[in-house]
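Breakdown of the fold
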Amino acid sequence: MGRKNRPRQRSRGLFWQGWGAGYSEIIKENKLFEHYYTELKIVPEGEFEEFMQAMREPLPATMRITGYKSRQEAVSMIPPLLMKIEPQHKILDMCAAPGSKTAQLIEMLHSDMDIPFPEGFVIANDVDNKRCYLLVHQAKRLNSPCIMVVNHDASSIPRLYFDQDGKKDILFYDRILCDVPCSGDGTMRKNIDVWKKWTTSNSLQLHGLQIRIAVRGVEQLAVGGRMVYSTCSLNPIEDEAVIAALLEKSEGALELADASADLPGLKYMPGITSWKVMTKEGQWFSDWSEVLKSRHTQIRPTMFPPTDPEKLASMKLERCMRILPHHQNTGGFFVAVLVKKAPMPWNRRYPKELQMGECPADAPVEAVEGESPAEGNPSVPDTPDLLEVKKDDVCGPPPPKKMKLFGFKEDPFVFLTEDDPIFPPVQAFYDLSPDFPKLNVLTRTREGKKRNLYMVSKELRNVLLNNSERMKVINTGVKIWSRNTDGEQFGCAFRLAQEGVYTLCPYIRARILNISVEDVKVLLTQENPFLSKLGDDAHNQAKKLGMGSIVLRYLPDPKDLNAPQCPIDLCGWRGKTSIRAFVPRNERLHYLRMLGVEVFRDKQGKRNDGSTEIPEGSAEDAEGLSQEADLLEQEGEEMEQNGSEPHERIYECSEVTHDST
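Cut-offs and rules
Residues numbered from 1 in each chain as written. Predicted model: local features only at pLDDT ≥ 70, side-chain atom pairs only at ≥ 80, totals over all residues. Heavy atoms only, no water. Buried < 20%, exposed > 50% of the residue type's maximum accessible area, 1.4 Å probe, protein only. Helix = DSSP H or I, 4+ residues; strand = E, 2+ residues; numbered from the N terminus. Pairing = 2+ DSSP bridges. Phe/Tyr/Trp six-rings, centres within 6.5 Å; stacked < 30°, edge-to-face > 60°. Lys NZ or Arg CZ within 6 Å of the ring centre and 35° of its normal. Polar contact = N/O pair within 3.5 Å; in protein donor to acceptor, adjacent residues only side chain to side chain. Contact = heavy atoms within 4.5 Å. Axes fitted to C-alpha atoms, helices over the stretch in contact; angles between N-to-C directions. Core = buried A, V, L, I, M, F, W, Y, C linked by side-chain atoms within 4.5 Å. UniProt positions renumbered as here; feature names shortened; annotations may be inferred. Lys, Arg positive; Asp, Glu negative; His and termini not counted. Salt bridge = Lys/Arg side-chain N within 4 Å of Asp/Glu carboxyl O.

**Points about the pairing of strand E23 (residues 478-483)**
With five of six residues buried, E23 is to be regarded as a mostly interior element. Where strand E21 (residues 452-455) lies against E23, four bridges are found, and the strand directions are antiparallel. Bridged to Asn452 within E23 is Ser482. As paired strands, E23 and strand E24 (residues 494-496) are joined by three bridges and run antiparallel to one another.

What follows is the structure, encoded as structure tokens:
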């Protein structure tokens, strides 16, 4: 490739200009942006300079404390908090990737840690197949049996069904998060390339998609349910205009909720009721009647505020919330809470069975909700050529196009039967309680040996069984057991998996070893410690256990306030004379810090003071843990047979106070 044709490459906020030219820093200025938002007056009078100054400053790092999870931008935490999640809620996250908000939803669903299987669940969707795997990665850290990741266009996400009292019923969601794709001009503080790329045409192009996604969301919302619509854009074309269009189409079925009291202390600006539309060339329009016909494909009537003052006042758009960067040192954000008061008008005119696909010959196209992108959309005209009489005299919209599936072909989700031969040895080895939900256990293969076993909640099992041909499922369930190569000689071919230990433990009545804080430190900092390294109580318990997979359980002592006051369950393996913990590296470090232990590592594995540190890869990743664990266990047993000390993890551990962690 010639030098003149080399692409510009972004690096750390700088752009490569060509050979010999070096890097050019992005200038955080955009005159069109300033002109546009000055004219719209979304910033209080006298604060615009402060607003622009804040937009040019780097975004401060914020952290949501949830174990060892990642950082998250402050304002992006707001939508899940406004949803008022309860453990029984069925939740849809329509545009979920990369997954930080999905993780919040899962945590809120599991707010009561004494309930391993909440009645509710989260279905997290994204249109991008590759981003779905990033979503899976985020969700798997929470180890929930109540999450399913699917891959669909949110504007035509399929209607799902489930069995209820022996009858197939439509699945309506109690809560929906509609965090739509947007121009992202509220993210300029962290995505600095937006300064160069910003133009009003971005909002004009996204407006229609945002409405279609939001319409599909409210169609699938249960009456009485809440849908939170949010963007990281400050533009009313993507914000109030979409909400106004939804409210107008709903004919009173939707209502904007007043969420001002839900987040006390949050500084925000109320939604606006008057705005104009500007082209990328800088031409302004105050009303649809002013728009030239040549621009009708770019500018739509729904981009303008309602012209009827009474209708506009009834919408209560001031209940929308716009967060400005300079008010509390955050990014820019918009959020609105919608409550569904009645079925949508294009559905409520017909009995419930019509929504299931049974309609008379004179029923219009809007009578049925299903797969078709036009289906259930009030903007679709009621014309005879849109109706089709099928062979069984059932009418409906044109047959939907066959769902296109992109990306990798996923392995199947196969539920085990209650009489599967896997269960008897597993049940005997772990002394599973009679109420253990065998029917919720699944595998990802139809033939051959089952390598891993997963568990989902009863409700997600219901959804999977009734919609396997209607949706593309990327991932669901939490891994509870992994096949151990030599496990059968110890009485069970499957060992416990750390990611599912908290889901499984309420049903396990054997193979449990109670340990102290000091025992936890030993197990997490040494590779294969001898049983004698444990405290006397744990040592005596371990001697009574046979070889194989075990649960290592720490229970808090309310009298010892310096120790962690939450229970800890670790997966372990009881060898002939040693014991080890099977815990992924990130979790291992998290638990050690909970115990007041800091772990350091560098490339050499040694500190300047000569103390040892954690080597790369000494703690296993969650994936592929089974095979590596088997090899390490065999290695440990060989060393024990030769009379040598099992090797220790090379950790440098320093005691710190809990305040410092």
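**Section: the packing of aromatic side chains**
For any pair of aromatic rings, the description rests on two quantities: the centre-to-centre distance and the angle between the ring planes. As enumerated under the stated definition, the model contains 15 aromatic pairs in all. Measuring from ring centre to ring centre gives 5.5 Å for Phe48 and Phe51, while their planes differ by 45°; the resulting arrangement is tilted. Note that Phe48 and Phe51 are positioned in helix H2 (residues 48-56) at a spacing of three residues, about one turn of the helix. We classify Phe48 as buried; its relative accessible area is 16%. Under the relative-accessibility criterion, Phe51 is labelled buried at 0%. Where Phe429 meets Tyr430, the ring centres are 5.0 Å apart and the plane angle is 85°; that geometry is what we call edge-to-face. Looking at Phe429, the relative accessible area reads 14%, which means it is buried. We classify Tyr430 as buried; its relative accessible area is 0%. A network of ring pairs unites the aromatic residues Phe117, Phe423, Phe429, Tyr430, Phe436, Trp481 and Tyr507 as a single cluster. In this arrangement the basic side chain of Arg461 is found over the ring face of Phe415, its NZ or CZ atom lying 5.3 Å from the centre.

**A closer look at the side chain of His327**
Take His327: it is sitting in helix H10 (residues 325-328). At 2.9 Å, the side chain of His327 forms a polar contact with the side chain of Glu47. Discounting chain neighbours no more than four positions away, the residues touching His327 are Pro44, Glu47, Lys267 and Met269.

**Description of the sheet that holds strand E28 (residues 579-581)**
Pairing in this open sheet of four strands is mixed, and the strands run E25-E26-E27-E28 from one edge to the other. Each end of this open sheet is capped by a strand with a single partner; those strands are strand E25 (512-515) and E28. Taking the axes of each pair of neighbouring strands and ignoring which way they run, one obtains an average angle of 35° across the sheet. Inspection of the sheet shows E25 paired to strand E26 (residues 548-554) by four bridges, in the parallel sense.

**A short note on the sheet that holds E23**
With respect to topology, five strands assemble into an open sheet ordered E19-E20-E21-E23-E24, the strand pairing being antiparallel. Among the strands making up the open sheet, the edge pair consists of strand E19 (414-415) and E24. Across two bridges, the pairing between E19 and strand E20 (residues 441-443) is antiparallel. In the strand pairing of E20, Val414 is matched with Thr443. Lying over the sheet, helix H13 (residues 423-430) contacts E20, E23 and E24, oriented at roughly 45° with respect to E24.

**What to know about the nonpolar core**
Grouped together as the largest cluster of nonpolar side chains are 115 residues, with contacts concentrated most on Ile123 and Ile243. The contacts of Ile243, once residues within four sequence positions are left out, are Tyr229, Leu256, Leu317, Cys320, Phe334, Ala336 and Leu338. In this structure, Leu416, Leu453, Ile480 and Trp573 belong to the second largest nonpolar core, which totals 28 residues.

**Considering the UniProt feature "binding site: S-adenosyl-L-methionine" (unreviewed entry) in the protein chain**
Mapped onto this structure's residue numbering, the UniProt feature "binding site: S-adenosyl-L-methionine" (unreviewed entry) falls at Cys95, Ala96, Ala97, Pro98, Gly99, Ser100, Lys101, Asp126, Asp153 and Asp179. Mapping Ala97 onto the fold places it in the loop between strand E4 (90-93) and helix H4 (100-109). Classification of Ala97 by relative accessible area gives buried; the value is 10%. In contact with Ala97, not counting residues within four places along its chain, are Asn125, Asp126, Arg131 and Leu135. Look at Pro98 and you get partly exposed, because its relative accessible area is 36%. Once residues within four sequence positions are removed from consideration, Pro98 is found in contact with Arg131, Leu134, Leu135 and Gln138.

**What to know about the side chain of Asp185**
Here Asp185 shows up in the loop between strand E9 (173-179) and helix H6 (194-197). Here Asp185 occupies a buried position and makes no salt bridge, while the nearest side chain of opposite charge, Arg322, is found at 7.9 Å. In terms of polar contacts, Asp185 uses its side chain to reach the backbone amide nitrogen of Leu234, at 2.8 Å. Look past the residues within four positions of Asp185 in its chain and what remains in contact with it is Phe33, Tyr37, Met55, Val194, Trp198, Cys232, Ser233, Leu234 and Asn235.

**Some remarks on the pattern of salt bridges**
Counted according to the given criterion, the structure contains 16 salt bridges. Note that Lys101 is salt-bridged to Asp179, the shortest N-O span being 3.3 Å. With Lys101 in helix H4 and Asp179 in strand E9, this residue pair connects regions lying 78 residues apart in the sequence. Across this residue pair, the class does not change: Lys101 and Asp179 are buried. A salt bridge links Arg580 to Glu527, with the shortest nitrogen-to-oxygen separation between them at 3.0 Å. Remark: Glu527 occurs in the loop between helix H16 (517-525) and helix H17 (536-544) and Arg580 occurs in strand E28; sequence separation between them is 53 residues. With respect to burial, Arg580 and Glu527 carry one shared label: buried.

**Here's the deal with the pairing of strand E16 (residues 333-340)**
When you tally the buried positions in E16, you get eight out of eight residues, the bulk of the element. Along E16, one buried face is formed by Phe333, Val335, Val337 and Val339 and the opposite face, lined by Phe334, Ala336, Leu338 and Lys340, is buried too. For strand E10 (residues 221-231) and E16, the ladder comprises six bridges, and the chain directions are antiparallel. Within the sheet, the bridge partner assigned to Thr231 lies in E16 and is Phe334. Bridging between strand E11 (residues 254-256) and E16 involves three bridges; their strand directions are antiparallel. Opposite Leu256, over in E16, you have Leu338 as the bridge partner.

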